[in-house]
Amino acid sequence: MSLQSGLDALKEKRYQEAVELLEQFCRNCAEHNSSDYLSAQMWLMKAYQATGETEKAKALCQKLIMSENPQARSWAEQASQSFRQTPSNASQKAGRAATTGMKLAMGGVGGSLALASGVTMTLLFGMVLALGLSLVFILGSDNPLQGLAIAIGITLVFNIAAFFLSPFIMDLTQGWLYQTRWVELAEVETLSPETAKVIRQVCEQKKLKTPRLGIINDQNPTAFTYGSLPNSARLVVSQGLFTYLDDDEIATVYAHELGHIVHWDFAVMTVASTLVQICYLIYSTARRFGRGGGDSKIKDAMQTAALVAYVFYVIGTYLLLYLSRTREYFADHFAAESTGNPNALSRALVKIAYGILEEGSRTQEPSRLIEGTRALGIYDHKAAASTGTAYRIASDTQKIGRVFLWDMFNPWGRWMELNSTHPLTGKRVRALSTYAEQLGLPTEFDMGRVIGEGKSLNKSRLYGNFFLDVVLYGAETIGFFVGLVMGVILWSSSPNTGLVLGAPLIGLGIGILVKALVMFPDYKQAPEIDILTLMSDPYASPLRGQPAKLEGQLIGRGDAGYKFGSDLKIQDRSGMLYLHYASRFGPIGNFLFGMKRVQSLIGEQVGAVGWFRRGVAPWMDLIQLQSENGTIVNSYHRFWSFILSGGSIILGVVLTMFLSSR
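Before going into details, it helps to say that this report is about the structure given with it. (Residues numbered from 1 in each chain as written. Predicted model: local features only at pLDDT ≥ 70, side-chain atom pairs only at ≥ 80, totals over all residues. Heavy atoms only, no water.)

Turning to the overall build of the protein chain, a few remarks are in order. Of the regular secondary structure elements, the protein chain holds 30 helices and 10 strands. Out of the 662 residues in the protein chain, the part that is buried amounts to 53%. Partitioning the contacts of the protein chain with sequence separation of at least 6, the portion at a separation of at least 24 is 71%. Taken as a whole, the protein chain presents about 29700 Å² of accessible surface, with 60% of it coming from carbon and sulfur. (Helix = DSSP H or I, 4+ residues; strand = E, 2+ residues; numbered from the N terminus. Buried < 20%, exposed > 50% of the residue type's maximum accessible area, 1.4 Å probe, protein only. Contact = heavy atoms within 4.5 Å. Areas by Shrake-Rupley, 256 points an atom, 1.4 Å probe, with all protein chains shown as cover.)

This is the structure we're talking about:
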């Protein structure tokens, strides 16, 4: 698509068409420092203004201000004056409190941070101590007290070393991977005056040193904190934060991160993460010793210790995730109190999701920064697609709020959240809205309406099949163990080795088949639909696929940092969605497809048929792609389920019959 066609549409006041043409040109332009690309960006900003998409225009203007090209930078600085003179959607923002520092009740949101931290740390430390003791005793200590001292010593030395060294290791990692630039508070003040005011205010009130401030030159908006002690903490943000957020919104993000410092969250998480890793280290060590030769009693004890260590590792991982979610609620609460502006943080969360989505649509490879700092960042990028999609097409808070229905009412949301480092966005926005109400402010997002709509949802659709679906989600595992139990029972009455080996495989195959029939329903009558409508469905499930047809453009790969990835990203007028591809030749076919065909498909307008699924991140299991030039790509998710199912059942039957005849 030529640049001139976009300019012609803009001159003829076909603004929406101009936006689409210029966006497509920018996506397809490989050289981002070329004059054509910069011209397209400038005119695209004007087209956004003409269509009323002021936030997009402002974000693009901020990017041009940071350009290395002096002419583009000068033009953008002049153009930025129009945003100060022209009212925008920002003038309709919900207000803020007249004063800061008012105490806000959390109303049970997030539980107790002190309790969560104390219980988690105590349990994790106890697990590591118990495992350390067991290993010391197993290795033949003649003196139990000496063994106890050794176990405690090992645990403490390991944790203390990790506690104090991890920030410096992180510094090196951040500098190497993301080229973090350390800046003074004065530079942050030039980018966001209110942020500097908040940093000074919080540090003075809490008697803290100003954190070491870093900026990463990446347009994906994110922020995170790490360190060992509050007075040596690092607070790092990306340049995208200043691009996509307004001054008051940036300040609340910094306040959120300062909340982590005040609460010692990063220190607690550093130690807790280390304890979990010690559990895994003990598991792997004990398993290795348990496989060796020597005394059978010691070998058996090592295998038992390995099993216990792995159970502790799994429990510890979920405790760590719970603690991580709790600290996010309390950091949000701290930001609301210290700025008196919970509405700005609500907007910031939504705009961060939008920024991640926008940047993802402009690049063919997902951001390594966003992927690499997922657990540290203020926002889980996996959850960005639905919220960002809603904000992308409208500033209508009712439409944005509707995508929160799944977060707040779908039982799968609660189930999936157990594996997430962050609370679901809808729950965070709801908590921030209650703080705004306590301050006597109108709320940015009408969560009362969302709650009301949620209460009117069909409960039988939400919960009727949920418990059955949870069982079906693990159907192959359940089938294997049911088959194993049945095989052992039958073998005890009629000794037949074939039953013990064959029955689990038959159970596994039946489980895969049952799950496949639920996951991949008939798609011949798949409706034509847009991405936002799919993401706004409060009944969506990660198990029961929803057949759908999408029309859009393939804009890149879905695998972070993997240039041969076979998954794709499709974008229509309402948003972006990941397409999961499965070759009929398995992993080798996926690799070859990613290596040979994906690059030629990027930029193509396509029709996609598949099964939509919604977890923390939404995606579509692809069935077929058809491009405008007639290229057809088929995907074989259901095919492989049936192959694995049939193969497992046949192998189980053959083993049973073959061994029973001997």
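So, on to the sheet that holds strand E4 (residues 234-238). With respect to topology, 4 strands assemble into an open sheet ordered E1-E2-E4-E3, the strand pairing being mixed. The outermost strands of the open sheet, each flanked by one partner alone, are strand E1 (181-183) and strand E3 (223-226). Within this sheet the neighbouring strands show an average axis-to-axis angle of 30°, counted without direction. Pairing between E1 and strand E2 (residues 212-216): 3 bridges, direction antiparallel. When the bridges of E2 are listed, Trp182 appears paired with Gly214. (Pairing = 2+ DSSP bridges. Axes fitted to C-alpha atoms, helices over the stretch in contact; angles between N-to-C directions.)

Glancing now at helix H28 (residues 586-596). Residues of H28 that are buried: Gly586, Gly589, Asn590, Phe593 and Gly594. An end-on view of H28 places all buried positions within 135° of arc, on one side of the element. Away from its buried face by more than 90 degrees, H28 exposes Pro587, Ile588 and Lys596. (Arc of directions from axis to C-beta.)

All right, on to helix H10 (residues 193-206) then. Two residues of an α-helix separated by three or four positions point the same way, owing to the 3.6 residues in each turn. An ideal rise of 1.5 Å per residue puts 20 Å on 14 residues; H10 measures up with 20 Å between its terminal C-alpha atoms. Looking only at H10, the buried set comprises Glu194, Thr195, Ala196, Val198, Ile199, Gln201, Val202 and Cys203. (Expected span 1.5 Å × (residues − 1).)

Two aromatic rings, taken as a pair, are described by how far apart their centres are and by the angle between their planes. Tallied over the full model, the rule gives 13 aromatic pairs. On the basis of an interplanar angle of 85° and a centroid distance of 5.2 Å, the ring pair of Trp412 and Phe466 is categorised as edge-to-face. Taken together, the residues Trp412 in helix H20 (residues 411-417) and Phe466 in helix H24 (residues 466-473) connect sequence positions 54 residues apart. Judged by relative accessible area, Phe466 falls into the buried class, the value being 9%. When the centroid spacing of 5.5 Å and the interplanar angle of 90° are considered together, the rings of Phe480 and Phe481 count as edge-to-face. Counting every residue linked through ring pairs, the aromatic cluster contains Trp412, Trp415, Phe466, Phe467 and Tyr473. Note that Arg234 overlies the ring of Phe168, its terminal NZ or CZ placed 5.3 Å from the centroid. (Phe/Tyr/Trp six-rings, centres within 6.5 Å; stacked < 30°, edge-to-face > 60°. Lys NZ or Arg CZ within 6 Å of the ring centre and 35° of its normal.)

The subject of this paragraph is the side chain of His260. With respect to the helices and strands, His260 occurs in helix H12 (residues 247-262). The residues touching His260, leaving out its near neighbours within four places in the chain, are Asp265, Phe266, Arg327, Glu328 and Ala331.

All right, on to the pairing of strand E9 (residues 618-627) then. A large share of E9 lies buried, amounting to 7 of its 10 residues. Examined bridge by bridge, strand E7 (residues 575-580) and E9 share 3 bridges and lie parallel to one another. Within the sheet, the bridge partner assigned to Leu579 lies in E9 and is Met620. Pairing between strand E8 (residues 605-614) and E9: 9 bridges, direction antiparallel. Bridge pairing in E9 places Phe612 opposite Met620. Count of turn residues in the E8/E9 antiparallel hairpin: 3 residues.

This part is about the environment of Thr339. Within the element layout of this structure, Thr339 appears in helix H14 (residues 296-339). On the basis of relative accessible area, Thr339 is assigned to the buried category, the value being 2%. Along the sequence, Thr339 and Asp248 sit 91 residues apart, while their C-alpha atoms lie 8.8 Å from each other. Within polar-contact distance, the side chain of Thr339 engages the backbone oxygen of Ala335 at 2.6 Å. (Polar contact = N/O pair within 3.5 Å; in protein donor to acceptor, adjacent residues only side chain to side chain.)

Scanning the entire structure with this criterion turns up 17 salt bridges. Between Asp407 and Arg614 there is a salt bridge, and its shortest N-O distance comes to 3.5 Å. Highlighted residues: Asp407 in helix H19 (residues 404-409) and Arg614 in strand E8, separated in sequence by 207 residues. With respect to class, Asp407 is no different from Arg614; both count as buried. Connected through salt bridges with shared partners, the residues Asp246, Asp248, Glu249, Arg347, Lys351 and Glu444 form a single ionic network. (Salt bridge = Lys/Arg side-chain N within 4 Å of Asp/Glu carboxyl O.)

The next subject is a nonpolar patch on the surface. A cluster of nonpolar side chains, namely Tyr310, Val314, Tyr318, Trp415 and Leu418, defines an oily patch on the protein surface of about 440 Å² accessible area. Take the nonpolar patch: its biggest share by element is 3 residues, from H14. With respect to the helices and strands, Tyr310 occurs in helix H14. (Patch = residues over 30% accessible without salt bridge, like charges linked within 9 Å, V, L, I, M, F, W, Y side chains within 5 Å.)

Another point: the side chain of Ser541. With respect to the helices, strands and loops of the structure, Ser541 is situated in the loop between helix H27 (531-535) and strand E5 (546-557). Taking relative accessible area as the criterion, Ser541 reaches 7% and is therefore assigned buried. Separated by 3.4 Å, the side chains of Ser541 and Trp412 make a polar contact. Once residues lying within four places of it in the same chain are set aside, the contact partners of Ser541 are Trp412, Phe612, Arg613 and Arg614.

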